[in-house]
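Fold and contact review
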Amino acid sequence: MFDINTAANIAEIAGGIAILISLIYVGYQIRQSNRIASAAALQSVLDGFIERVMNPIIADSEITDIMNRGYMSWESLSTVEKTRFTISQGRDVLHVQNVMQLHDKGLLDSVDFEAWKAYGAASLTTPGGKEAWKYNREQITPTVVNLLEEYVKEHPGMRSIVDMNEYRFSAD
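Keep in mind that what you see is a predicted model, and the values were worked out from it rather than measured. (Residues numbered from 1 in each chain as written. Predicted model: local features only at pLDDT ≥ 70, side-chain atom pairs only at ≥ 80, totals over all residues. Heavy atoms only, no water.)

**Thoughts on helix α2 (residues 61-72)**
Taking 1.5 Å per residue, 12 residues should reach 16 Å; α2 reaches 17 Å between its end C-alpha atoms and fits that length. Of the residues making up α2, those classed as buried are I63, T64, I66, M67, N68, G70 and Y71. For α2, the capping residue at the N-terminal end is D60, with a side-chain oxygen 2.9 Å from the backbone nitrogen of E62. (Helix = DSSP H or I, 4+ residues; strand = E, 2+ residues; numbered from the N terminus. Expected span 1.5 Å × (residues − 1). Buried < 20%, exposed > 50% of the residue type's maximum accessible area, 1.4 Å probe, protein only. Polar contact = N/O pair within 3.5 Å; in protein donor to acceptor, adjacent residues only side chain to side chain.)

**Focus: the side chain of S88**
Relative to the helices and strands, S88 resides in helix α3 (residues 79-104). Residue classification places S88 among the buried positions, given a relative accessible area of 4%.

**Let's talk about a nonpolar patch on the surface**
Taken together, the side chains of I13, I17 and I21 make up a nonpolar region of the molecular surface, amounting to roughly 310 Å² of accessible area. Relative to the helices and strands, I21 is located in helix α1 (residues 4-59). According to the relative accessible area criterion, I21 is exposed, its value standing at 54%. (Patch = residues over 30% accessible without salt bridge, like charges linked within 9 Å, V, L, I, M, F, W, Y side chains within 5 Å. Areas by Shrake-Rupley, 256 points an atom, 1.4 Å probe, with all protein chains shown as cover. Salt bridge = Lys/Arg side-chain N within 4 Å of Asp/Glu carboxyl O.)

**A word on the environment of L46**
Looking at the secondary structure, you find L46 in helix α1. Separated by 53 residues in sequence, L46 and V99 place their C-alpha atoms 9.9 Å apart.

So this is what it looks like as structure tokens:
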């Protein structure tokens, strides 16, 4: 038979084991929660890109034409078209800002962040993109401006948005 001290020691050990198991389980739940948050963040980025960038281009041939001509030649655009082109580029840059913030909070992997950063910088290297950027860079947070401009400096031979989508810019 156990005396009271032995029973107390066994209960204390059992309590310690229960606490350890609880901590392991909480750690597992936090890890699962982080994975779910990361997946939701990536889905949000993709949904936002589809909604803000792809859908307008699919739905509106006029904006598609403006974007295609604007990337190739700023001078080919009217004043109204330059405004639309500049706002579209600004929208893309704000999307990169959202991606950057999710990455900084640990909700988006570096590989995804780097891809979106490259995409955002790719519009800055086209003839029209360079002109629109002169206006947009004054309205975007310095952190994002520095992020994109440093990316362009660090990758002087990077592909522009035109290079990435040759079919859009080839003669029909």
